[in-house]
Amino acid sequence: VTMLFQHIINCIQVMIKCKYSGSITLTSMTLTDTKKRLVAEGTFNCRTKEIQGEKVDDITVSPQLSISNSSWYSAYIIMPEVKDLQEGELKLSFKFNGKDAETSFPIPAKMKLSGNTEVTIDKLSTGYKYVFMLELDNTTKFVPVGIETMWTTVNVEMPI
């Protein structure tokens, strides 16, 4: 029997680092949608290939991740596809040491694929990882790194 496995979700990865020595804890990271299209949890119907779940305006993860200046640390939000995006509709916000950061960051309308090809982000597509860097300094720098398309559809032979 051949089974076809494919991704039904996408991923936002934020790589975080402190610029100076010391340590800070990423208490939580929240993705907010002005049009309430996010699905934080639900079920997948294999026949219709649809994810069914309540639409919400935000998804929060609480990694309790200790961050220093020694290396980059990653936090992830994993969710189903979000379609029909416009500039500024999705924003990421953070809590460090239990306190809100001063700024929330919009997901940009343009990002680069590997090879420096710039693409317009009009949806968060299934099977893609959207990567950002957040450097904590006197001023916080939020930079889109790119889109990874390493997640692929795979045929798997299973002896049943």
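Residues numbered from 1 in each chain as written. Predicted model: local features only at pLDDT ≥ 70, side-chain atom pairs only at ≥ 80, totals over all residues. Heavy atoms only, no water.

Novice: If you had to explain the overall build of the chain to someone new, which residues and values would you point to?
Specialist: The secondary structure content of the chain amounts to zero helices and 18 strands. Dimensions along the principal axes, computed over C-alpha positions, put the chain at roughly 55 × 30 × 30 Å. Burial statistics for the chain: of 160 residues in total, 32% are counted as buried. Working note: accessible area of the chain is about 9800 Å², and carbon and sulfur atoms make up 49% of it. Considering the chain, the positive charge centre built from 17 side chains and the negative charge centre built from 18 side chains are found 2 Å apart. (Helix = DSSP H or I, 4+ residues; strand = E, 2+ residues; numbered from the N terminus. Buried < 20%, exposed > 50% of the residue type's maximum accessible area, 1.4 Å probe, protein only. Areas by Shrake-Rupley, 256 points an atom, 1.4 Å probe, with all protein chains shown as cover. Lys, Arg positive; Asp, Glu negative; His and termini not counted. Charge placed at Lys NZ, Arg CZ, Asp CG, Glu CD.)

Novice: How would you sum up the nonpolar core? Please name residues and give values.
Specialist: General note: in soluble globular proteins, nonpolar side chains tend to be found buried as a group. By size, the foremost hydrophobic cluster in this structure holds 31 residues, and its most contacted members are Leu92 and Phe94. Only strand E2 (10–18), strand E3 (23–33), strand E10 (73–79), strand E11 (90–96), strand E16 (129–136) and strand E17 (141–148) provide two or more residues apiece to this core. When sequence neighbours within four positions are dropped, the list of residues in contact with phenylalanine 94 reads Val14, Ile16, Leu26, Ser28, Met29, Lys99, Asp100, Ala101, Phe105 and Leu134. (Core = buried A, V, L, I, M, F, W, Y, C linked by side-chain atoms within 4.5 Å. Contact = heavy atoms within 4.5 Å.)

Novice: Summarise the pattern of salt bridges; cite the residues concerned and give the values.
Specialist: Going through the model one piece at a time under the given rule, you end up with eight salt bridges. For the salt bridge of glutamate 81 with lysine 83, the shortest nitrogen-to-oxygen distance reads 3.8 Å. Lysine 83 sits in the partly exposed class, given a relative accessible area of 48%. Salt bridges sharing partners connect three or more residues here, namely Asp33, Lys35, Arg37 and Glu89. (Salt bridge = Lys/Arg side-chain N within 4 Å of Asp/Glu carboxyl O.)

Novice: So, the sheet that holds E17: which residues are in play, and what are the values?
Specialist: Strands sit in the order E10-E2-E16-E17 across an open sheet of four strands; the sheet is mixed. A strand with exactly one partner marks an edge of an open sheet, and here the two such strands are E10 and E17. Taken pair by pair, the neighbouring strands of this sheet meet at an average axis angle of 20 degrees, ignoring direction. Relative to E10, E2 is paired through seven bridges, and the arrangement is antiparallel. (Pairing = 2+ DSSP bridges. Axes fitted to C-alpha atoms, helices over the stretch in contact; angles between N-to-C directions.)

Novice: Go over the environment of glycine 42 with me, naming the residues and quoting the values.
Specialist: Tracing the chain through its elements places glycine 42 in the loop between strand E4 (38–39) and strand E5 (43–45). For the pair glycine 42 and lysine 55, spaced 13 residues apart in the sequence, the C-alpha separation amounts to 9.6 Å. Not counting chain neighbours up to four residues away, the residues in contact with glycine 42 comprise Gln52 and Gly53.

Novice: Give me the pairing of E3: which residues, what numbers.
Specialist: Examined bridge by bridge, E3 and strand E9 (residues 65–68) share four bridges and lie antiparallel to one another. When the sheet's bridge partners are listed, threonine 25 is paired in E9 with serine 66. As paired elements, E3 and E11 share seven bridges and run antiparallel to each other. Of the residues in E11, the one forming a bridge with aspartate 33 is leucine 90. Judged from the four bridges that link them, E3 and strand E8 (residues 58–61) form a sheet pairing that is antiparallel. Each bridged residue has a counterpart across the sheet, and for threonine 30 the counterpart in E8 is threonine 60.

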